[in-house]
Amino acid sequence: FQCRGERVLHLEIALGYQHRGAEEAFPSAGAARAMALAETVSGDATAAHATAFCQVCEALADCRIPPRAQSLRGVALELERLANHVGDLGALANDIGFLPTASYCGRIRGDYLNMTALLSGSRFGRGLFRPGGVAFDLEPARAHELLNRLAAAGPDTAGAVSLLWETQSVLNRFEGVGAVSRDVAGELGLVGPAARASGLNRDIRQDQPSGLYQFAHLPVATAETGDVFARAFVRGLEIQQSLAFIREQIRALPAGEIRTPPAPLRAGRFAAALVEGWRGETCHAAITDEQGRFRRYKIVDPSFHNWPGLAMALRNQEISDFPICNKSFNLSYCGHDL
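Let us look at the structure shown here. (Residues numbered from 1 in each chain as written. Predicted model: local features only at pLDDT ≥ 70, side-chain atom pairs only at ≥ 80, totals over all residues. Heavy atoms only, no water.)

Notes on the overall build of the protein chain
Piece 1. Looking only at helices and strands, the protein chain has 14 helices and seven strands in total.
Piece 2. Expected size for 338 residues packed as a compact globule is a radius of gyration near 20 Å; at 20 Å, the protein chain falls within 12% of this value.
Piece 3. Dimensions of the protein chain along its principal axes, counting C-alpha atoms only, are 60 × 45 × 30 Å.
Piece 4. Counting the 338 residues in the protein chain, one finds 54% classified as buried.
Piece 5. Long-range pairs, those at least 24 residues apart, make up 74% of the contacts in the protein chain with a sequence separation of at least 6.
Piece 6. Within the structure as shown, the protein chain displays about 14,100 Å² of accessible surface, and the carbon and sulfur contribution to it stands at 53%. (Helix = DSSP H or I, 4+ residues; strand = E, 2+ residues; numbered from the N terminus. Rg over C-alpha atoms; globule rule 2.2 N^0.38 Å. Buried < 20%, exposed > 50% of the residue type's maximum accessible area, 1.4 Å probe, protein only. Contact = heavy atoms within 4.5 Å. Areas by Shrake-Rupley, 256 points an atom, 1.4 Å probe, with all protein chains shown as cover.)

See below:
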């Protein structure tokens, strides 16, 4: 921090300490190992990165995905969004000492993680995604149980989040703090909720939809002020949309298979995939060699785009505002340090 007294002039973000050589590991990894690598690029965004990896493999193999598998992938992506958005709102409340929402959201986040476990056996969704589809089906009994859990968690979430917007002391700490203007957000190339909070209508589910999102529409939640309040409020809106979306998809799950038999990757091909993860645009790209193996694999996590936004949000803020500015972005170190 470069400060004058308590005021931050500049925040210099030093990254690179979480570097693991993930991208370099893909060309030498077998199919199972490559899938595990994709799931752990950034652990709290397992569904986003696993989906992008699968889409790259499917494009390279000219593989079509069953509609039922597309729906189950979409449900897992939105459950991941719910768990992390609820967790972020609880953490923001905790950073300003507002314990009711902090306590409620800490519990409710666990409820959504457990719904992902009901779907896949893992609270983070590991093991669910496979090139060609998904590894686990959702039979009627578990689908009914998932709907019941959503019916219970939805009102609990709404009550916990509404406490934030109804409490003046919370609004006094959030409003006008860590603002990033629309112009600056556009120049920096911000993505995800951070971009939408600054008034940028950017969402891969709308702009370049793939999978389930080609057929199921989700409105884009935006705000204008670009401050901590806006980034929290956009999360609140997306929670409502994801809850309704998941219920709709579970009730209308297509019949049929959940996976197409995997096919070998074609030689000398290039493919790229874009997925709207809970942090924003997640990109995977790959080139295959003459034997149909990965020659080069590239990943761009949304945190890569958004770390400069956090630095700009801290300009001319009090240093005591750093915790809520930081949590309002909630970026991934290891997602950047690939």
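Having seen the structure, we can now continue with the description.
Here we look at the pattern of salt bridges
Once their charged atoms are close, side chains differing in charge can pair, the charge on each being opposite to the other.
Piece 1. The tally for this structure, following the rule as stated, stands at 23 salt bridges.
Piece 2. Glutamate 58 is the partner of arginine 73 in a salt bridge, and the nearest nitrogen-oxygen pair spans 2.6 Å. Here the residue arginine 73 occupies a position in helix 4 (residues 67-95), and glutamate 58 occupies one in helix 3 (residues 46-60), the gap between them amounting to 15 residues.
Piece 3. Of the charged contacts, one joins arginine 142 and glutamate 139 as a salt bridge, the two residues approaching to 2.8 Å between their closest N and O atoms.
Piece 4. Its relative accessible area of 37% is what places glutamate 139 among the partly exposed residues. (Salt bridge = Lys/Arg side-chain N within 4 Å of Asp/Glu carboxyl O.)

So, the sheet that holds strand 5 (residues 270-276)
Pairing between sheet strands relies on hydrogen bonds along the backbone, with the strands arranged either parallel or antiparallel.
Piece 1. What the three strands build is an open sheet, ordered 5-6-7; its pairing is antiparallel. Among the strands making up the open sheet, the edge pair consists of strand 5 and strand 7 (294-300). Averaged over all pairs of adjacent strands, the angle between strand axes in this sheet comes to 10°, irrespective of strand direction.
Piece 2. The pairing of strand 5 with strand 6 (residues 281-288) spans seven bridges and is antiparallel. Residue pairing for strand 6: glutamate 276 is matched across the bridge by glutamate 281. (Pairing = 2+ DSSP bridges. Axes fitted to C-alpha atoms, helices over the stretch in contact; angles between N-to-C directions.)

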